[in-house]
Amino acid sequence: MTPGGSSGEALVVGSAFLTDLGSLFPVRLKLVGEELEFVFVLPDDRTGGRASRSETTDHPFIELKERIRLRFGAGTVGPVPRFFVDAGGRWARLRVELAGTAVRAVIVMPEEVTAESLNAPFLGRWQEHIPSTVKLAVDEIARMLSRCRHRAGGTEPLIDLELGYLPDPGYQARFARAHEPVRAFVAPIRPVLRMRWISMTSAQRRVFLDELTNVGTIGRWPRRRLTTRIMGLEVELPHWAAPKVRAVPGPQARG
């Protein structure tokens with residue numbers, strides 16, 4: 001992505017990359033203007049939970065690299081992936097850069113990611129559903145940014161967007177209601193996207209905010225935040241968006 005790109009363009013490329021990676025769990029998503037970086041983790045069954053440094057340098061990433069190459073193979077129009085294996089640490093990492101863009105990813109071994117690093121009580125099968133949830137929200141935010149430019153004019157909008165995970169206070173109740181076969185898929189945490197404007201005109205912000213519904217508040221003063229849902233995923237809005245929307249108290253004051 002060349003200078004003068006947009007957050008929307010980065011999110012479109014990033015969404016396609018999420019599709020190419022399939023069910024890899026997104027540990028991190030961080031968008032700063034037109035620069036987008038992911039951290040993904042390989043599932044445990046790729047290595048049987050017994051990977052060593054020598055194994056990770058030439059085995060676990062091979063299938064993934066070939067899958068990505070096929071998706072971005074010759075004859076298709078789009079960015080070309082470049083791969084770099086970093087074996088200098090305790091566990092190897094696969095770095096992927098999409099040439100001509102500012103989108104990149106780091107894919108790590110499952111041993112490198114612990115429950116504590118995600119603010120979760122445990123890891124498990126529930127991680128398999130997170131990628132599709134994140135992708136739907138990323139797609140919709142990209143479309144909303146495009147509509148901002150189309151309806152309000154001006155330069156390409158730029159935002160910050162960061163993915164995090166928070167404990168889900170309704171987990172125990174949902175787990176108790178679920179049938180035994182699906183309990184492993186009930187997530188104890190919820191993904192949250194935190195948004196901040198970088199460069200958006202007041203008219204573009206109005207277009208963006210006018211599309212939102214059910215904007216509420218969470219937390220307690222002075223850390224109260226505006227929040228909404230985009231394609232079912234919780235999104236925290238810039239605090240100074242408050243005068244532009246009609247916020248209603250959320251169902252609970254979550255910290």
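Higher on the page you've got the structure.
### Regarding the overall build of the protein chain
Phase 1: When you go through the protein chain residue by residue, the secondary structure sums to 6 helices and 11 strands.
Phase 2: The buried share of the protein chain, taken over its 255 residues, is 46%.
Phase 3: The contacts of the protein chain with a sequence gap of at least 6 include a subset with a gap of at least 24, amounting to 64%.
Phase 4: For the protein chain, the computed accessible surface area is about 13200 Å², with 53% contributed by carbon and sulfur atoms.

### So, the pattern of salt bridges
Phase 1: Inspection of the entire model under this criterion finds 19 salt bridges.
Phase 2: Across the pair Glu97 and Arg82 runs a salt bridge whose closest N-O atoms are separated by 3.2 Å. Taken together, the positions of Glu97 in strand S4 (residues 93-98) and Arg82 in strand S3 (residues 81-86) put the pair 15 residues apart, joining distant regions of the chain.
Phase 3: The salt bridge partner of Arg196 is Asp160, with a shortest N-O separation of 2.5 Å. Taken together, the residues Arg196 in strand S7 (residues 189-199) and Asp160 in strand S6 (residues 158-167) connect sequence positions 36 residues apart.
Phase 4: If you follow the salt bridges from partner to partner, you end up with Glu140, Arg143, Arg147, Arg151 and Glu211 in one network.

### Concerning the pairing of S3
Phase 1: Here S3 runs beside S4; their pairing, made up of 6 bridges, is antiparallel. Across the sheet, Val85 pairs through a bridge with Leu94, a residue of S4.
Phase 2: Where S3 folds back onto S4 in an antiparallel hairpin, the turn is made up of 6 residues.

### Considerations on the nonpolar core
Phase 1: Of all hydrophobic cores here, the largest spans 67 residues; its most connected members are Phe17, Phe38, Phe40, Ile107, Ile141, Ile159 and Phe208.
Phase 2: Here this core takes 9 residues from helix H4 (residues 130-152), the largest share from any one element.

### Structural notes on the side chain of Gln127
Phase 1: Among the secondary structure elements, Gln127 is positioned in the loop between strand S5 (103-108) and H4.
Phase 2: For Gln127, a relative accessible area of 13% corresponds to the buried category.

### Here's the deal with the environment of Asp44
Phase 1: Looking at the element boundaries, Asp44 is found in the loop between strand S2 (35-41) and helix H2 (53-58).
Phase 2: Residues Asp44 and Met109, 65 residues apart in the sequence, show an inter-C-alpha distance of 8.2 Å.

### Quick word on the packing of H4 against helix H6 (residues 202-210)
Phase 1: Contact pair H4 / H6: the axes reach a minimum separation of 9 Å and the direction vectors enclose 130°. By the angle class used here, H4 and H6 are oblique. Note on packing geometry: the crossing formed by H4 with H6 is right-handed. In contact with Met144, Leu145, Arg147, Cys148, Arg149, Arg151 and Ala152 of H4, H6 contributes Ala203, Gln204, Val207 and Phe208.

### Digging into the packing of helix H1 (residues 7-21) against H4
Phase 1: Interaxial distance between H1 and H4 falls to 9 Å at its minimum, and their mutual angle equals 155°. Looking at the two axes, H1 sits roughly antiparallel to H4. Note that H1 runs across H4; the crossing there is left-handed. Across the interface between the two elements, Ser7, Gly8, Leu11, Val12, Ser15, Leu18 and Thr19 of H1 pack against Val134, Lys135, Val138, Asp139, Ile141, Ala142 and Leu145 of H4.
Phase 2: Considered class by class, the residues forming the contact of H1 with H4 number 8 nonpolar, 4 polar and 2 charged.

### A closer look at unusual backbone geometry
Phase 1: Here the phi dihedral of Asn214 falls at roughly 55°; this positive angle occurs in a residue that is not glycine.
Phase 2: Taking the relative accessible area as the measure of exposure, Asn214 reaches 71% and is therefore exposed.
Phase 3: Not every positive phi belongs to a glycine, and Met231 is a case in point at roughly 55°.
Phase 4: Within the fold, Met231 resides in the loop between strand S9 (225-230) and strand S10 (233-236).

### Here's the deal with H1
Phase 1: With 15 residues, H1 ought to run about 21 Å at 1.5 Å a step, and its terminal C-alpha atoms sit 21 Å apart, in line with that.
Phase 2: Summarising burial for H1: 11 of the 15 residues are buried, a large majority.
Phase 3: Restricting attention to buried positions, one finds in H1 the residues Ser7, Gly8, Ala10, Leu11, Val13, Gly14, Ser15, Phe17, Leu18, Asp20 and Leu21.
Phase 4: For H1, the N-terminal capping position is held by Ser6, with its side-chain oxygen 3.4 Å away from the main-chain nitrogen of Gly8.
Phase 5: At the exit of H1 stands Gly22, carrying a positive phi of roughly 70°.

Conventions we followed
Residues numbered from 1 in each chain as written. Predicted model: local features only at pLDDT ≥ 70, side-chain atom pairs only at ≥ 80, totals over all residues. Heavy atoms only, no water. Helix = DSSP H or I, 4+ residues; strand = E, 2+ residues; numbered from the N terminus. Buried < 20%, exposed > 50% of the residue type's maximum accessible area, 1.4 Å probe, protein only. Contact = heavy atoms within 4.5 Å. Areas by Shrake-Rupley, 256 points an atom, 1.4 Å probe, with all protein chains shown as cover. Salt bridge = Lys/Arg side-chain N within 4 Å of Asp/Glu carboxyl O. Pairing = 2+ DSSP bridges. Core = buried A, V, L, I, M, F, W, Y, C linked by side-chain atoms within 4.5 Å. Axes fitted to C-alpha atoms, helices over the stretch in contact; angles between N-to-C directions. Parallel < 35°, antiparallel > 145°, perpendicular 65-115°, else oblique. Left-handed = near helix turned anticlockwise from the far one by under 90°. Nonpolar A, V, L, I, M, F, W, Y, C, P; charged D, E, K, R; others polar. Expected span 1.5 Å × (residues − 1). Polar contact = N/O pair within 3.5 Å; in protein donor to acceptor, adjacent residues only side chain to side chain.

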